[in-house]
Amino acid sequence: MKIQEAIQQRHSTRTFTGEPLTDREAAVLKDAISNVRTPFCRSDDYTIRLVCMGDAADFKPETYGFISKAPAFLLLGVRPEAKARLGAAFALEKIVLFATSIGLGTCWIGGTFKAESFGVEGVMPEGQELEIVCPVGKPREPRFLERIGKAIMGSAHRKPFGKLFFNESFEEPLQADCSAISGALEMVRLAPSARNIQPWRVLVRDNGKSLEFYYLENGKFSMVDMGIALCHFSLALDEGVDYFFGRCDSADGLPKNLKYLLTAVPLNQP
């Protein structure tokens, strides 16, 4: 499955069949975790663990809302610094998309968790907190209450392209076209975010010679959301185009509550 297909097919799965992961599924997920890389933080700033739960029907921690019969969980521990959250989320979304590509469902869940709930202690190194859990398993048709919850929250909807991406200034919406950059930004548009806020805004300069990434403040989950978005952007670009991510002067006249994060500059545009 191509990465764009995985991004388009990925959705938050809260209802699972309860079937355990096969040995091969668990093995390839663990291999993907061991090989994942992120450009935004050090590898010791975060930890991703796959924990298989045994009898999924008996595991019903109250804090996980509508999650039902998940046979396994991805656990993300991270240091409290912003760059660690950014890089950790980038890495975990890579694993989420890989899980999607092999037919598994997932769902990002942020909050305060106890490793003991998963039958493991000391699961995260010193200085890291268990901040994200992600159930993973074979998806099942959503239950009635789950469908109602999605409808109320509007979690299946995304803002229009021109409301998120801009050309030269925030007064001019970017028009979607057939370019690689436009395609990559469309994959950003489809990214999940806390409460479906979709905090990312991107200002495209000089016909794509630089892209400035901004965000709406959303507490500690701002960097988690942006890490997911940057993962989609990086993976969706055409092969042969690498980007350098750095900081520069941000745009003048920023809309209220918008904050500058970084600028992406192509290194080898063909």
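Look above for the structure.
Described below are features of the structure shown in this document.

## Things to note about the overall build of the protein chain
Working step 1: Along the backbone of the protein chain there are seven helices and ten strands.
Working step 2: When the 270 residues of the protein chain are sorted by exposure, 52% land in the buried category.
Working step 3: A total accessible area of about 13300 Å² is found for the protein chain, and carbon and sulfur atoms account for 51% of it.

## Quick look at helix α7 (residues 221-236)
Working step 1: Taking 1.5 Å per residue as the helical rise, α7 with its 16 residues ought to reach 22 Å, and the 23 Å between its terminal C-alpha atoms agrees with that figure.
Working step 2: α7 sits mainly inside the fold: 14 of its 16 residues count as buried.

## Looking at the nonpolar core
Working step 1: Counting residues in hydrophobic clusters, the biggest one holds 66 residues, and the most contacted among them are Ile 48, Leu 185, Leu 211 and Phe 233.
Working step 2: Ranked by residue count, the leading element in this core is helix α3 (residues 82-101), at eleven residues.
Working step 3: When near neighbours in sequence (up to four residues on either side) are disregarded, Leu 211 contacts Ile 181, Leu 185, Val 202, Leu 203, Val 204, Phe 233, Tyr 243, Leu 262, Thr 263 and Ala 264.
Working step 4: One finds Ile 67, Val 123, Leu 130 and Val 133 within the second-largest nonpolar core, a separate group that totals 16 residues.

## Points about the pattern of salt bridges
Working step 1: One pass over the full model with this rule turns up nine salt bridges.
Working step 2: Where Arg 42 meets Asp 44, a salt bridge forms, and the shortest distance between an N and an O atom there is 2.9 Å.
Working step 3: Residue classification places Asp 44 among the partly exposed positions, given a relative accessible area of 40%.
Working step 4: In this structure, the salt-bridge partner of Glu 131 is Arg 85, at a minimum N-O distance of 2.7 Å. Highlighted residues: Glu 131 in strand β5 (residues 129-137) and Arg 85 in helix α3, separated in sequence by 46 residues.
Working step 5: The buried category is assigned to Glu 131, whose relative accessible area is 6%.

## Some thoughts on the side chain of Ser 222
Working step 1: With respect to the helices, strands and loops of the structure, Ser 222 is situated in helix α7.
Working step 2: For Ser 222, a relative accessible area of 3% corresponds to the buried category.
Working step 3: Leave out the neighbours within four places in its chain, and Ser 222 touches Tyr 215, Leu 216 and Glu 217.

## A closer look at the environment of Ala 70
Working step 1: By secondary structure assignment, the location of Ala 70 is in the loop between β1 (46-52) and β2 (72-78).
Working step 2: Ala 70 sits 18 residues away from Cys 52 along the chain, and the two C-alpha atoms are 9.1 Å apart.

## A look at the sheet that holds strand β7 (residues 200-205)
Strand pairing within a sheet occurs via backbone hydrogen bonds; the two strands may be parallel or antiparallel.
Working step 1: The strand order across the open sheet formed by five strands is β6-β7-β8-β10-β9, and the pairing between neighbours is mixed. Every other strand in the sheet has two partners, leaving β6 (165-167) and β9 (243-246) as the edge strands with one partner each. The sheet shows a mean angle of 25° between the axes of neighbouring strands, taken without regard to direction.
Working step 2: Summarising the sheet, β7 and strand β8 (residues 210-216) pair through six bridges and their orientation is antiparallel. In the sheet register, Leu 203 faces β8, and the bridge partner there is Glu 212.
Working step 3: Sheet strands touched by helix α6 (residues 180-189): β6, β7, β8 and β9. Its angle to β7, the strand with the most contacts, is close to 170°.
Working step 4: In the packing of α7 onto the sheet, contacts are made with β7, β8, β9 and β10 (258-266), and the angle to β8 comes to roughly 150°.

## A closer look at the pairing of β10
Working step 1: With respect to burial, β10 is a largely interior element, seven of its nine residues being buried.
Working step 2: Note: β8 against β10, six bridges, orientation antiparallel. Counterpart to Leu 211 in the pairing with β10 is Ala 264.
Working step 3: Pairing of β9 with β10, which is carried by four bridges, proceeds in the antiparallel orientation. Bridge pairing in β10 links Phe 245 to Ala 264.

Here is what the cut-offs are and how they apply
- Residues numbered from 1 in each chain as written.
- Predicted model: local features only at pLDDT ≥ 70, side-chain atom pairs only at ≥ 80, totals over all residues.
- Heavy atoms only, no water.
- Helix = DSSP H or I, 4+ residues; strand = E, 2+ residues; numbered from the N terminus.
- Buried < 20%, exposed > 50% of the residue type's maximum accessible area, 1.4 Å probe, protein only.
- Areas by Shrake-Rupley, 256 points an atom, 1.4 Å probe, with all protein chains shown as cover.
- Expected span 1.5 Å × (residues − 1).
- Core = buried A, V, L, I, M, F, W, Y, C linked by side-chain atoms within 4.5 Å.
- Contact = heavy atoms within 4.5 Å.
- Salt bridge = Lys/Arg side-chain N within 4 Å of Asp/Glu carboxyl O.
- Pairing = 2+ DSSP bridges.
- Axes fitted to C-alpha atoms, helices over the stretch in contact; angles between N-to-C directions.

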